[in-house]
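# Chain and residue survey
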Amino acid sequence: MKKIHNFVNGNLSSISKKELPVNDPSTGEEIGKVVMSSIDDFNNVIESSKKSQLEWSNTTPLKRSRILSNYKNLIEKNLNELAEIVSKEHGKTLADAKGSVTRGLEVVEFACGIPHLLKGEFSQNVGTNIDSWSIRQPLGVCAGITPFNFPAMVPMWMYPISIACGNSFILKPSEKDPSCSIRLAELFTEAGLPNGVFNVIHGDKEIVDLILESNEISSVSFVGSTPVAKYIYEKSAKFGKRVQALGGAKNHLIVMPDANIDQAVDGIIGAGYGSAGERCMAISVAVAVGDIADELVGKIQLEAQKLKVAPWTDAESDMGPVISKEHKDKIENYISLGVKEGATLVEDGRNYRIQGYEKGFFVGPTLFDNVTENMKIYKEEIFGPVVCVLRAKNYDEALNLVNNHEFGNGTSIYTSDGEISRHFTTNAKIGMVGVNVPIPVPMAFHSFGGWKQSLFGDHSMHGEEGIRFYTKLKTITSRWPKSIQEGPEFVIPTN
Ligand code: NAD
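Residues numbered from 1 in each chain as written. Predicted model: local features only at pLDDT ≥ 70, side-chain atom pairs only at ≥ 80, totals over all residues. Heavy atoms only, no water.

### Observations regarding the site of the ligand
Stated precisely, the cut-off is as follows: Near residues are defined by distance, with any heavy atom within 4 Å of the molecule or strand qualifying the residue. Here a polar contact means two N or O atoms within 3.5 Å. Within protein one must be a hydrogen donor candidate and the other an acceptor candidate, and residues neighboring in sequence count only if both atoms are side-chain atoms. In short, Shrake-Rupley with a 1.4 Å probe defines the accessible areas, and a residue's cover is counted only from the protein chains shown. Space inside and on the surface of the protein is sampled on a 1 Å grid over the protein atoms alone, with a cavity defined as a set of points where a 1.4 Å probe fits but cannot get out and a pocket as an open set with protein on both sides within 12 Å along at least 5 of 7 lines; lining residues have an atom within 4 Å of a point. Any molecule with more than half of its atoms within 2 Å of a cavity's or pocket's grid points is regarded as sitting in that cavity or pocket. Secondary structure elements follow DSSP: runs of H or I no shorter than four residues count as helices, runs of E no shorter than two count as strands, and numbering proceeds from the N terminus. Amino acid classes used here: Ala, Val, Leu, Ile, Met, Phe, Trp, Tyr, Cys and Pro are nonpolar; Asp, Glu, Lys and Arg are charged; the rest, including Gly, are polar. Domain segmentation is taken from an automatic or database assignment of domains.
With respect to spatial proximity, 26 residues lie near the ligand, and among them Lys172, Glu175, Ser225, Gly247 and Glu381 are the closest. Note that an oxygen atom of the ligand is positioned 2.7 Å from one of the side-chain N or O atoms of Glu175. A distance of 3.3 Å separates an oxygen atom of the ligand from a polar backbone atom of Gly224. When the ligand is considered free in solution it has 850 Å² of accessible area, and contact with the protein chains removes 88% of it. Here the ligand occupies the largest pocket. Of all elements in the fold, only α8 (205–213) and β11 (217–223) reach the threshold of two or more residues within the shell around the ligand. Considered class by class, the residues forming the shell around the ligand number 14 nonpolar, eight polar and four charged. If you count residues domain by domain, the shell around the ligand takes at least three from each of domain 1 (2–247 + 454–476) and domain 2 (251–435).

### Let's talk about the environment of Ser324
Secondary-structure assignment places Ser324 in the loop between α11 (293–306) and α12 (325–341). Distance in space between the C-alpha atoms of Ser324 and Gly203 is 17 Å, their sequence separation being 121 residues.

### Some words on the pairing of strand β16 (residues 366–369)
Side-chain positions along a regular strand alternate between the two faces of the sheet. Put simply, the test is: Throughout, exposure labels follow a simple rule: accessible area from a 1.4 Å probe, protein chains only, divided by the maximum for the residue type, with under 20% read as buried, over 50% as exposed, and the rest as partly exposed. Any two strands with at least two DSSP bridges between them are considered paired.
The side-chain alternation of β16 yields two buried faces, one formed by Thr366 and Phe368 and the other by Leu367 and Asp369. Across three bridges, β16 lies against strand β17 (residues 386–392) in parallel orientation. Among the inter-strand pairings, Thr366 is bridged to a residue of β17, identified as Val386.

### Some words on the packing of aromatic side chains
This is how the line gets drawn: Stacked, tilted and edge-to-face are the three classes assigned to paired rings of Phe, Tyr and Trp, where Trp is represented by its six-membered ring and a pair needs centres within 6.5 Å; plane angles under 30 degrees give stacked, over 60 edge-to-face, the rest tilted.
For the structure on display, the rule yields 13 aromatic pairs. The interplanar angle of 20° and the centroid separation of 5.9 Å between the aromatic rings of Phe122 and Trp133 together place this pair among those described as stacked. One end of the pair, Phe122, is in strand β6 (residues 121–127); the other, Trp133, is in strand β7 (residues 130–138), and 11 residues separate them in sequence. For the pair Trp157 and Phe448, a centre-to-centre distance of 4.2 Å together with 35° between the ring planes defines the contact as tilted. Taken together, the positions of Trp157 in helix α6 (residues 153–164) and Phe448 in the loop between β20 (432–435) and β21 (451–452) put the pair 291 residues apart, joining distant regions of the chain. Accessibility classification places Trp157 together with Phe448 in one group, the buried group. Taken together, the ring pairs in this structure connect Tyr71, Tyr159, Phe169, Phe188, Phe198, Phe469 and Tyr470 into an aromatic cluster.

### Here we look at the sheet that holds strand β4 (residues 19–24)
Note the threshold: Lines are fitted to the C-alpha atoms to define the axes, a helix being fitted only along its stretch in contact, and any angle between axes, read from their N-to-C directions, falls within 0 to 180 degrees. Contacts between residues were defined by any pair of non-hydrogen atoms, one from each residue, lying within 4.5 Å.
Taken together, the three strands give an open sheet; going across it, the order is β1-β5-β4, and neighbouring strands pair in mixed fashion. Strands at the two margins of the open sheet, each flanked by one partner only, are β1 (2–4) and β4. On average, adjacent strands in this sheet sit at an angle of 35° to one another, irrespective of strand direction. Bridge count between β1 and strand β5 (residues 29–35): three bridges; the pairing is parallel. Paired with Lys2 across the bridge in β5 is Gly32. On top of the sheet, helix α3 (residues 79–90) reaches β1, β4 and β5; it is set at about 100° to β4, its chief contact.

### Some thoughts on the domain arrangement of the protein chain
Cut-off, in case you're wondering: Two parts lose some accessible area (1.4 Å probe) when they are put together, and adding that loss for both gives the buried area. Put simply, a salt bridge is a Lys or Arg side-chain nitrogen that is within 4 Å of an Asp or Glu carboxyl oxygen.
What the domain assignment reports for the protein chain is domain 1 (2–247 + 454–476) and domain 2 (251–435). A separation of 31 Å is found between the C-alpha centroids of domain 1 and domain 2. Of the residues lining the interface, 23 residues belong to domain 1; the matching set on domain 2 comes to 22 residues. Of the roughly 1,900 Å² buried between domain 1 and domain 2 on both sides combined, carbon and sulfur atoms contribute 63%. The largest per-residue losses of area from domain 1 upon contact with domain 2 belong to Pro25, Ser26 and Ser454, which jointly make up 27% of the total buried on that side. On inspection of domain 1 and its partner domain 2, the count reaches one salt bridge.

So this is what it looks like as structure tokens:
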């Protein structure tokens, strides 16, 4: 049985004997065991991260950039292997896994520009013969805690930028699919990264608490569910850390009567059922405006029935299983609840069986119509292949739904009206907004982050926001003294 160790100081190692099974969600079989680290493991990681950081922060940004550039090449070379590791433990299709690794790779590409990104500001003669400039310096040791649904991409939103800025980074990946982070760390070492600058430690809440409480760690980046994000935010602040904590989502896609309905249906199908709905930017709510609802629901149903639900090893698969038996049960319970709440179940994905994979954690594409604002299946994040259709009389009603929902990650509108589109992008109380695109995930050189209960903290991830998060601002004011002494000044200097 494969054992998944920590990656500390350039080596695979762990002290703890405690382990947790890692499963293949397509078969339900155990395929490995991940170590659940102890306090001794944690102390080893801290020592290594602290030691490496001093030297790394003195390495020139250009040299750091060259190592990142080697890393980029190695990820490209090993893209298939990385994607297979993701698919095997997560269950998503191989094409989707490759796409997600590529989106992570784009952050590495962005971070290669670090000499330019770290350029500060300079003002000559802020006072007579006085110059002033601002620089951004590394924080020290940074930590990242990541969810199961993007085992490569989400960690890569964090560590390439943090490391490019001169920090060392400790990653605590999800215990459900921990292998990819190890391969990513090995490749970084192969690219020339000094040992200890990037360490990976496995574990659950126990290790997370040690991270949050440690005096040696300066910042915490978190992505996961909202209750845990809130906990991370509050506890990190209590222990004096800089923190960004991204939470859950319930993303709405509004379809206006003047939209190209077929394009909107494609958008809903891909973004609703892709990756079995286990994406923080998945479309879980479609809002049909005006009299298009019957046509929209009919077309979504038709397309949902055509989807091929199969393991990642099947190249024709459109969506794979969900992550675990517990998660499958949770999603199926939500579907039963929706029926009880009075929504119309148009497509039922419960008890989905695939021959030869009877123990896999599959849920079929599920579609609800006539969902209303007070239903739990609308209010709560299901995080599975379940799309809820709500019917709105007009645009204002649809916009209110988006703005009144407690989550604020992503949203999108399908319309051919520029005025409505502009009103929506200006007035939606949401962090990432799309027009005629289903999943408005920003590129690496922009920043990713939601509003409301989808993000706690002041900074989104990657792009300029990432550089700001992983550096401290310092402003220097300097005058080279004249030979004549002027005596002390008791009035605040002005110009
Ligand atoms: P999760 O919150 O259960 O776990 C995330 C991480 O926190 C894991 O590393 C886990 O080990 C750790 N953790 C879990 N419970 C903890 C606790 N009580 N105390 C401390 N640490 C704990 O999330 P998940 O199930 O792995 O991922 C799915 C969730 O992540 C969904 O809610 C999804 O919307 C969200 N997500 C959000 C974004 C975003 O950008 N906003 C991106 C991806 C996923």
